Amino acid sequence: MRGEQREKRERRELDAWRTGLVDTALAAVIGGAVLLAAFTASGPGPSTADVILITAGSLALAVHRRAPVMSLVFTAACMLGYVVHANPGTSAAFPVIAGVHVVTRAGHRAAAVGVSVVFLVGFFLASPSEDGIERTLLLHGWFVCAGVTGLIDKNWQAYLRQTEQRAAEAERTREEAALRRAGEERLRIARELHDSLTHSISIVKLQAGVAVHLARKRGEDVPEALLAIQEASGEAMRELRATLEVLRTDVVAPGSGLARLGELVERARTAGLAASVTVTGTERALPDDVDRAAYRIVQEALTNVARHAGRAKTSVRLAYAADHFSIHVEDEGSAVPGGGPPPDPAPGTGLTGMRERVAALGGTLHAAPRPGGGFSVRAELPLGVR
């Protein structure tokens with residue numbers, strides 16, 4: 001957050017510097033045009049005082065964004081002093097006309113009108129002749145044009161701001177609608193999962209419980225497979241409820257990742273899977289998305305071993321590194337009869353889901369048969385620099 005704020009502040013400062021540089025350049029161009037007209041006019045050239053007045057009045061326009069009225073007043077005063085002292089042509093009004101434009105654009109119409117009237121009166125009084133009247137009337141038209149263009153520019157800027165605001169509001173509305181549709185879709189999926197799976201899993205759990213109860217009542221040994229079914233169905237119900245809660249509220253309950261790895265491995269052992277867990281590196285809390293993905297990868301890998309390799313010996317190795325977290329699940333399933341390379345695994349939902357989880361986190365996954373038999377799953381999940 002602080003980095004974003006600092007970046008925004010630096011961007012604003014850079015924009016302000018660029019804008020100030022452009023304003024200064026435009027003010028210098030206007031002042032240069034007035035000086036050029038003064039030096040090229042017939043008669044004696046401008047004095048040092050005239051050059052100072054022209055330069056100061058023109059450069060004052062560079063600060064019009066911060067103090068538009070004061071900038072215009074100072075520019076008009078300097079240029080009026082130049083007019084009274086040297087009685088130049090209409091080019092002396094260029095800085096004032098530019099100031100009237102920017103002040104009108106800023107919304108200070110009264111100040112623009114007042115300064116324009118004072119400057120025109122002073123310009124006429126400096127040379128009250130027929131030629132002076134014509135030049136004053138010409139400048140009057142220029143001042144009116146400057147005010148009109150300032151108003152047009154102001155309205156155009158207001159229109160652009162309103163357009164941007166409407167676009168931003170439309171974008172927010174689209175995002176809100178998309179979020180609302182996503183929420184409705186999550187609720188629909190939650191209802192479908194509840195209606196289609198909860199009843200079936202409940203029946204499995206109930207039947208397994210009844211079978212265990214009857215076996216114990218008759219004094220018989222309860223088969224391990226039946227106990228595993230009972231435990232797995234109960235765990236499936238708990239996970240289904242947690243999943244439905246996530247779909248309804250978009251909030252993941254704590255302790256839903258590797259904190260449950262011990263329970264997962266113990267259930268695998270109860271089902272007859274010879275599983276072992278090895279952890280290397282310094283254990284520490286993982287980001288929530290990495291933690292959940294790691295648990296699901298181990299869960300899917302153990303499920304695949306139970307389905308395809310029976311009671312094969314399986315090792316689960318977890319490795320904590322500075323910038324990544326590694327998972328390696330390997331089983332010692334039977335080798336390929338007659339030797340030769342093992343066949344590639346048929347793409348299934350489980351492996352596809354693992355790849356999607358790893359890809360979403362920017363990690364890598366390698367799942368393939370081992371040369372000597374069995375299957376190996378290696379996943380590396382980046383942690384980022386924290």
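For the structure itself, consult the block above.
What comes next is a walk through the structure. Since this is a predicted model, take the numbers as computed values, not measurements.

1. Digging into the overall build of the protein
Moving on, step 1. Helices and strands together make up the secondary structure of the protein, namely ten helices and five strands.
Moving on, step 2. Looking at the protein residue by residue over its 386 residues, the buried ones come to 34%.
Moving on, step 3. Restricting the contact set of the protein to residue pairs at least 6 apart, pairs at least 24 apart contribute 67%.
Moving on, step 4. Surface accessibility of the protein: about 23200 Å² in total, with carbon and sulfur atoms responsible for 59%.

2. Considerations on a nonpolar patch on the surface
Moving on, step 1. There is a patch of nonpolar side chains on the surface, built from Val113, Val117, Val121 and Leu125 and spanning about 360 Å² of accessible area.
Moving on, step 2. As for its position among the elements, Val121 is in helix α5 (residues 109–126).

3. Here we look at the pairing of strand β3 (residues 324–331)
Moving on, step 1. The buried fraction of β3 amounts to seven of the eight residues, a majority that puts the element mostly inside the structure.
Moving on, step 2. As judged from the seven bridges shared by strand β2 (residues 314–320) and β3, these two strands associate in the antiparallel manner. Within β3, the position partnered with Tyr320 by the bridge is Phe325.
Moving on, step 3. The hairpin formed by β2 and β3 contains three residues between the paired strands.

4. Concerning the sheet that holds strand β1 (residues 275–280)
Moving on, step 1. One open sheet accounts for five strands, arranged β1-β2-β3-β5-β4; its pairing is mixed. For this open sheet the edge positions go to β1 and β4 (364–369), each flanked by a neighbour on one side alone. When the angles between neighbouring strand axes are averaged without regard to direction, this sheet yields 10°.
Moving on, step 2. Of the strand pairs in this sheet, β3 and strand β5 (residues 375–382) are connected by seven bridges, and their pairing is antiparallel. Paired with Phe325 across the bridge in β5 is Leu381.
Moving on, step 3. Most of the contacts of helix α8 (residues 261–270) go to β1, to which it runs at about 155°, and overall it touches β1 and β2.
Moving on, step 4. Lying over the sheet, helix α9 (residues 288–308) contacts β2, β3 and β5, oriented at roughly 5° with respect to β3.

5. What about the side chain of Ser58?
Moving on, step 1. If you trace the backbone, Ser58 turns up in helix α2 (residues 48–59).
Moving on, step 2. Note on Ser58: relative accessible area 1%, which makes it buried.
Moving on, step 3. In this view, Ser58 contacts Ala27, Ile30, Gly31 and Pro95; residues no more than four positions away in its chain are not counted.

6. So, the packing of aromatic side chains
Moving on, step 1. Per the stated rule, a full pass over the model turns up five aromatic pairs.
Moving on, step 2. For the pair Phe94 and Trp142, a centre-to-centre distance of 5.8 Å together with 40° between the ring planes defines the contact as tilted. On the criterion of sequence distance, the pair formed by Phe94 in helix α4 (residues 94–105) and Trp142 in helix α6 (residues 130–217) is long-range, its members being 48 residues apart.
Moving on, step 3. We classify Trp142 as partly exposed; its relative accessible area is 31%.
Moving on, step 4. Feature note: the residues Phe119, Phe123 and Phe143 constitute an aromatic cluster, connected by ring pairs.

7. Here we look at α4
Moving on, step 1. If you check α4, its first and last C-alpha atoms are 17 Å apart, about what twelve residues at 1.5 Å a residue would give, namely 16 Å.
Moving on, step 2. The buried fraction of α4 is high, at nine of twelve residues.
Moving on, step 3. For α4, every residue scored as buried is listed here: Pro95, Val96, Ile97, Gly99, Val100, His101, Val102, Val103 and Thr104.
Moving on, step 4. Where α4 ends, the next residue or the one after it, Gly107, has phi of about 100°, a positive value.

Thresholds, definitions, all that
Residues numbered from 1 in each chain as written. Predicted model: local features only at pLDDT ≥ 70, side-chain atom pairs only at ≥ 80, totals over all residues. Heavy atoms only, no water. Helix = DSSP H or I, 4+ residues; strand = E, 2+ residues; numbered from the N terminus. Buried < 20%, exposed > 50% of the residue type's maximum accessible area, 1.4 Å probe, protein only. Contact = heavy atoms within 4.5 Å. Areas by Shrake-Rupley, 256 points an atom, 1.4 Å probe, with all protein chains shown as cover. Patch = residues over 30% accessible without salt bridge, like charges linked within 9 Å, V, L, I, M, F, W, Y side chains within 5 Å. Salt bridge = Lys/Arg side-chain N within 4 Å of Asp/Glu carboxyl O. Pairing = 2+ DSSP bridges. Axes fitted to C-alpha atoms, helices over the stretch in contact; angles between N-to-C directions. Phe/Tyr/Trp six-rings, centres within 6.5 Å; stacked < 30°, edge-to-face > 60°. Expected span 1.5 Å × (residues − 1).

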